[in-house]
Amino acid sequence: MASAAASNTVEVTSPEHFQQQLAVDLQRISLINFWAPWAEPCKQMNEVVLELAKRHPQLLVLNVDAESQADISESFEIEAVPSFIILQGHTLLGKIAGADATALTEAISKHVRTPSSVNPQSHTDLAPAAAPDVAEKTESQEELARRLHALMQQSKVVLFMKGSPDAPRCGFSRRIVGLLKDQGVEFSHFDILSDESVRAGLKVLNDWPTFPQLIVSGEFVGGLDIVQEMVENGELKEILE
Ligand SMILES: N[C@@H](CCC(=O)N[C@@H](CS)C(=O)NCC(=O)O)C(=O)O
């Protein structure tokens, strides 16, 4: 990583290396920073992590390149970068998804300063990144379907992705943005990480389990692989005419 590392910071090079680092002291609190070199929000959070490492010398900071260390990312169910895991030994204390510097700083202060008050949680106890609000809970299936159709028709080309075109939070989303920009396609976007109902609903509506999802004239076209193929065989240009 570009920033000068603090002495309690380690760049993880393999799952074995990761395990070795944790095993040195199972009482120690560690902060795992899942990041990617291409993601703008990670650059900003890497600075926050560096400051936290300096402020708390007893903390172990493990920087994990989420894509090159995919096995580690999968074992913590990391869906997007940046994401942070706080452990004591192998015990999960917390998970923070997204570039939320305040939440990360507060969580680290809590666990590092008062280790005896730590209340370990299991994976299932963890609050989701964004708790569903009341509107989400009370939205009926019909209302959600209407909202999804409206979102899919907000402009001729709509990209449902993780993050935004300027700050994608998944490599697949980053690549489709690059493809569309290379082709000079104008599009609007929706960050599915901001709305769990939209994320789940679109998978069902479009019968497609992943993101990105590209919509043209209100119709589902495909994910990254399909769009890549359509760029190569000229079909994307045809449907945009
Ligand atoms: N091969 C797929 C790759 C997309 C993919 O695997 N996306 C995953 C990771 S970003 C996903 O959306 N998983 C479901 C989810 O996160 O809700 C494509 O062509 O678009």
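Going by the structure above, here's the rest.
Structure report, in brief. Remember, it's a predicted structure, so these values are computed and weren't measured experimentally.

### Comments concerning the site of the ligand
Line of reasoning, step 1. In the vicinity of the ligand, the contacting residues are Lys162, Cys170, Phe172, Arg199, Lys203, Pro209, Thr210, Phe211, Pro212, Gly223, Leu224 and Asp225.
Line of reasoning, step 2. Between the ligand and the protein, one listed contact pairs an oxygen atom with a side-chain N or O atom of Lys162 at 2.5 Å.
Line of reasoning, step 3. At 2.7 Å, a backbone N or O of Phe211 approaches an oxygen atom of the ligand.
Line of reasoning, step 4. When isolated, the ligand has an accessible area of 510 Å², and the protein chains bury 78% of it.
Line of reasoning, step 5. At the level of elements, helix H8 (196–205) and helix H9 (224–232) are the ones that each hand at least two residues to the shell around the ligand.
Line of reasoning, step 6. In terms of residue class, the shell around the ligand is built from six nonpolar, two polar and four charged.

### Comments concerning the sheet that holds strand S7 (residues 188–191)
Line of reasoning, step 1. A sheet is described by the order of its strands in space; here four strands give the open sequence S7-S6-S8-S9, paired in mixed fashion. Strand pairing shows two members of the sheet lacking a second neighbour, S7 and strand S9 (219–222), which therefore form its edges. The average angle at which neighbouring strand axes cross in this sheet is 30 degrees, direction not considered.
Line of reasoning, step 2. Summarising the sheet, strand S6 (residues 157–161) and S7 pair through four bridges and their orientation is parallel. Residue Val158 lies in a different strand from S7, and its bridge partner there is Ser188.
Line of reasoning, step 3. Each of S6, S7, strand S8 (213–216) and S9 is contacted by helix H6 (residues 141–152), which is oriented at about 120 degrees to S6, the strand it contacts most.

### Description of the environment of Leu87
Line of reasoning, step 1. If you trace the backbone, Leu87 turns up in strand S4 (residues 83–88).
Line of reasoning, step 2. Owing to a relative accessible area of 2%, Leu87 belongs among the buried residues under this scheme.
Line of reasoning, step 3. In the structure, Leu87 is positioned 55 residues away from Ile32 in sequence and 7.9 Å away in space, judged by C-alpha atoms.
Line of reasoning, step 4. The contacts of Leu87, once residues within four sequence positions are left out, are Leu22, Arg28, Ile29, Ser30, Ile32, Phe76, Leu92 and Leu93.

### Focus on the pattern of salt bridges
Line of reasoning, step 1. Tallied over the full model, the rule gives six salt bridges.
Line of reasoning, step 2. Between Glu40 and Lys43 there is a salt bridge, with its nearest N and O atoms 3.0 Å apart. Placement of both Glu40 and Lys43 in helix H2 (residues 40–55) is noted, with a separation of three residues, approximately one turn of the helix.
Line of reasoning, step 3. Judged by its relative accessible area of 41%, Glu40 falls in the partly exposed class.
Line of reasoning, step 4. Arg147 is the salt-bridge partner of Glu139, the closest N and O atoms lying 2.6 Å from each other.

### Section: the pairing of strand S5 (residues 91–97)
Line of reasoning, step 1. With six bridges connecting them, S4 and S5 associate as antiparallel partners. Looking at S5, one finds that Ile86 is bridged to Gly94.
Line of reasoning, step 2. Hairpin connection from S4 to S5: two residues lie between these consecutive antiparallel strands, with Gly89 at a positive phi of about 60 degrees.

### Brief notes about H8
Line of reasoning, step 1. What H8 keeps buried is the set Ser197, Val198, Arg199, Gly201 and Leu202.
Line of reasoning, step 2. The opening residue of H8, the one whose side-chain oxygen lies 3.0 Å from the backbone nitrogen of Ser197, is Asp195.

### Looking at the nonpolar core
Nonpolar side chains in soluble globular proteins generally cluster together in the buried interior.
Line of reasoning, step 1. Counting 22 residues, the largest nonpolar core has Phe18, Ile32, Phe34, Leu62, Phe76 and Ile85 as its most contacted members.
Line of reasoning, step 2. For this core, the secondary structure elements donating two or more residues are helix H1 (15–23), strand S2 (29–35), strand S3 (60–65) and S4.
Line of reasoning, step 3. For Ile85, the residues in contact, after removing those within four places along its chain, are Ser30, Leu31, Ile32, Phe34, Phe76, Ile78, Leu92, Gly94 and Lys95.
Line of reasoning, step 4. Counting 19 residues, the second-largest nonpolar core is a separate cluster that includes Ala6, Ala53, Ala107 and Ile108.

### What about the sheet that holds S2?
Line of reasoning, step 1. Spatially, five strands are ordered S1-S3-S2-S4-S5 in an open sheet, and the strand pairing comes out mixed. Each edge of the open sheet is held by one strand with a lone partner, namely strand S1 (9–11) and S5. With direction set aside, neighbouring strand axes in the sheet form an average angle of 20 degrees.
Line of reasoning, step 2. Pairing of S1 with S3 involves three bridges; the strand directions are parallel.

What counts and how
- Residues numbered from 1 in each chain as written.
- Predicted model: local features only at pLDDT ≥ 70, side-chain atom pairs only at ≥ 80, totals over all residues.
- Heavy atoms only, no water.
- Near = heavy atom within 4 Å.
- Polar contact = N/O pair within 3.5 Å; in protein donor to acceptor, adjacent residues only side chain to side chain.
- Areas by Shrake-Rupley, 256 points an atom, 1.4 Å probe, with all protein chains shown as cover.
- Helix = DSSP H or I, 4+ residues; strand = E, 2+ residues; numbered from the N terminus.
- Nonpolar A, V, L, I, M, F, W, Y, C, P; charged D, E, K, R; others polar.
- Pairing = 2+ DSSP bridges.
- Axes fitted to C-alpha atoms, helices over the stretch in contact; angles between N-to-C directions.
- Contact = heavy atoms within 4.5 Å.
- Buried < 20%, exposed > 50% of the residue type's maximum accessible area, 1.4 Å probe, protein only.
- Salt bridge = Lys/Arg side-chain N within 4 Å of Asp/Glu carboxyl O.
- Core = buried A, V, L, I, M, F, W, Y, C linked by side-chain atoms within 4.5 Å.

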